[in-house]
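Descriptive structure summary
Take a look at the letters that make up each chain.
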Amino acid sequence: MRYSSWLAIVMVVFCLWSGLEYRDFHKQLLQTEQELKSRRQFQKAVGLPNLAITSAARYLRHYSITDLTTPFQDYPASLDHFPAGFAFVPPDYSNMPSSIVFGKLEM
Amino acid sequence: MISGSWFERQKNIIDYSLQSLLRRRSKNILILIIFVLLVFAVSSILFITGSLTREMMITSNDLPDITVQRILGGRQVNVPALFIPEIEKIPGVEAVETRVWGYFYLTSLQANFTIYGMDLNLLEEGEYRKIVNWKNIPEQAEKNPDFRMIVGQGVYELLKDIQMEKAYLFYQPSWEKPIPFDIIGTFKTETELQSNDLMVLQTEGARRVLELPPDEFSDLVVYVPNPEEIENIALKIRRYFPELRTVTRAQIQNTYSSVFGWKSAFVLSSLLVAIFAFLILIWDKASGLSPEEKREIGILKAIGWDTDVILSVKFWEGLILSGISSLAGILLAYAYIYWLRAPGLREIFIGWSTIYPSFQLIPDVDPKFLLLIVTISVVPYLAVTVFPAWKAAITDPDAIIRNI
């Protein structure tokens with residue numbers, strides 16, 4: 001068999017593989033569409049934000065509404081104490097009345 | 001000169017390109033593997049962070065408008081009931097609701113549950129009924145309506161292991177006796193990513209478990225019908241009561257959209273080493289063809305091949321190698337994240353939790369991003385393969401063959 005025919009076979013395999021994943025993608029999206037209603041209902045019933053991916057620490061579980069000092073309660077910069085802390089960013093504190101100052105207090 | 005139709009001609013050229021790729025088998029297989037791995041790594045990270053962000057965003061519009069917390073000494077503390085009428089007085093506020101919630105750490109299982117107190121009768125009505133798999137309610141639960149609970153699937157499975165799937169005993173060493181709770185249902189698996197670690201208790205029971213004094217609440221939620229006013233009302237609450245902190249829905253959505261972006265960029269930047277190694281490999285290829293390859297081009301020219309045919313050969317070589325590897329990288333990443341559920345990568349997100357969700361994510365495949373991956377992998381690779389070949393092809397064949 002010619003080399004180009006082999007390439008054509010490889011391309012057909014890739015097309016089938018892509019088709020399979022595309023079909024899966026659509027199936028999942030349709031399924032989500034149906035699930036969405038109950039997820040919204042749940043969110044309305046229980047108003048807590050964030051996903052239950054990690055429950056290692058409360059500032060990771062509900063990091064959108066965590067309080068200011070919680071991530072640092074063990075020692076400064078202890079945010080990454082938990083492995084999941086690697087995947088989460090500290091929340092936005094831009095709405096705090098005054099900015100936090102680290103270091104020496106100026107007298 | 002190759003004769004025949006355009007199609008036949010390209011087929012012959014592809015035949016020759018494939019033969020030429022196979023002749024330098026070890027080098028090309030190495031490039032293929034590194035190429036696939038790189039595209040796979042970058043795509044996987046973007047797929048997983050995209051999906052998680054999407055999972056959070058799809059329900060974010062149903063979050064409360066403003067969450068009000070009380071901060072004392074830099075820590076979040078309970079909110080006394082006396083704030084409620086004061087906040088209700090602010091014009092534009094429709095309702096202030098109280099929330100009772102917290103965490104319960106179970107030492108024996110090393111699991112951290114989220115406890116949420118609400119009126120469970122609400123869930124038995126209307127649309128809410130459908131989010132719970134109701135169980136046959138035992139008789140004593142009827143007698144003790146305050147000590148009922150509905151748990152998430154993850155919690156349920158954990159409790160099953162310790163034979164407490166019907167009723168669970170909450171206990172802390174400081175308590176006189178344990179508090180038994182009947183499990184009247186579990187949340188459906190559709191809501192798993194939100195409800196997995198959740199125990200929803202009847203409010204009064206939740207107060208007992210969380211040891212919350214009467215007339216105090218964990219936090220308040222404020223409903224504002226006009227979205228334009230939310231920011232202003234949040235500002236008013238902070239001005240009137242400096243010890244209160246407000247988190248608006250827009251702020252929560254902001255943290256949602258940025259939470260994984262920053263760290264995925266960090267992971268990608270640690271991949272830079274790999275990307276650089278790959279660049280060096282390509283550089284090696286680009287900085288000049290090997291004398292052998294140059295001689296091959298010289299011979300082809302000498303036996304009468306046109307420059308454009310030689311360039312076609314090199315073009316097909318580059319396209320086949322880079323095209324196949326980026327396609328394989330993206331397809332593998334999809335299968336890894338959505339079919340295998342990201343083993344290895346998901347542990348970064350789960351961390352040390354004992355209650356795992358199944359990690360079945362909604363696929364989030366952005367065509368823009370796929371196009372970007374193909375553009376930054378295929379196009380530069382084509383350039384570095386075709387350009388040196390062109391340089392060699394326009395040189396005098398005699399000079400190339402004699403390697404002057």
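Residues numbered from 1 in each chain as written. Chains lettered and ligands numbered in written order. Predicted model: local features only at pLDDT ≥ 70, side-chain atom pairs only at ≥ 80, totals over all residues.

With that out of the way, let us pick up the overall build of chain A. A count of helical and extended segments in chain A gives 2 helices and 0 strands. For chain A, the residues scored as buried account for 27% of the 107 residues in total. Restricting the contact set of chain A to residue pairs at least 6 apart, pairs at least 24 apart contribute 34%. (Helix = DSSP H or I, 4+ residues; strand = E, 2+ residues; numbered from the N terminus. Buried ≥ 20, exposed ≤ 12 C-beta atoms within 10 Å, placed from the backbone. Contact = placed C-beta atoms within 7 Å.)

Each side of the interface is counted separately: chain B has 73 residues, and chain A has 52 residues. No other element matches helix α10 (residues 249-270) of chain B, which puts 9 residues into the side of chain B that touches chain A. For the side of chain B that touches chain A, the class distribution of residues is 40 nonpolar, 20 polar and 13 charged. (Nonpolar A, V, L, I, M, F, W, Y, C, P; charged D, E, K, R; others polar.)

Residues and elements named next belong to chain B. By size, the foremost hydrophobic cluster in this structure holds 52 residues, and its most contacted members are Ile150, Val155, Met199 and Val200. Ignoring sequence-local partners within four residues, the contact set of Val155 consists of Phe113, Asp197, Leu198, Met199 and Ile355. Core analysis: the next-biggest nonpolar cluster, separate from the first, contains 33 residues, Val39, Val259, Leu327 and Tyr334 among them. (Core = buried A, V, L, I, M, F, W, Y, C linked by C-beta atoms within 7 Å.)

For chain A, per-residue confidence averages 76 on the pLDDT scale, and residues scoring 70 or more make up 62% of the total. Contacts for the low-pLDDT stretch residues 75-79 of chain A, under 50 throughout, to residues beyond four places or in other chains number 5 contacts. (pLDDT = per-residue confidence, 0-100.)

This part covers the domain arrangement of chain B. Residues and elements named next belong to chain B. Taken domain by domain, chain B comprises domain 1 (6-58 + 257-401) and domain 2 (64-249). Taking only C-alpha atoms into account, the centre of domain 1 sits 49 Å from that of domain 2. Counting residues at the interface gives 6 residues for domain 1, matched by 10 residues for domain 2. (Domains from an automatic or database assignment.)

Residue and element names in this part refer to chain B. Listed as buried for helix α8 (residues 203-210) are Gly205, Ala206 and Val209. The arc that holds every buried residue of α8, seen down its axis, measures 100 degrees, which confines them to one face. Where α8 is buried, its residues meet β4 (95-106), β5 (111-118), β8 (167-170), β9 (179-187) and β10 (198-202). Taken from the residues just after α8, Glu211 is the one with a positive phi, measuring 55 degrees. (Arc of directions from axis to C-beta.)

The next thing to look at is the environment of B:Ile14. Its place among the elements puts B:Ile14 in helix α1 (residues 6-23). Spatially, the C-alpha atom of B:Ile14 lies 70 Å from that of B:Arg70, the residues being 56 residues apart in sequence.

All names here are of chain B. In contact at an axis separation of 7 Å, helix α2 (residues 25-57) and helix α13 (residues 307-339) are set at 40 degrees when each is read in the N-to-C sense. Classified by the interaxial angle, the pair formed by α2 and α13 is oblique. In the packing of α2 onto α13, the handedness of the crossing is right-handed. Here Asn28, Ile31, Leu32, Phe35, Val36, Val39, Phe40, Ser43, Ser44, Phe47 and Ile48 of α2 lie close against α13, whose contacting residues are Leu321, Ser322, Ser325, Ser326, Ala328, Gly329, Ile330, Leu332, Ala333, Tyr334, Tyr336 and Ile337. Grouping the amino acids of the contact of α2 with α13 by side-chain chemistry returns 16 nonpolar, 7 polar and no charged. (Axes fitted to C-alpha atoms, helices over the stretch in contact; angles between N-to-C directions. Parallel < 35°, antiparallel > 145°, perpendicular 65-115°, else oblique. Left-handed = near helix turned anticlockwise from the far one by under 90°.)

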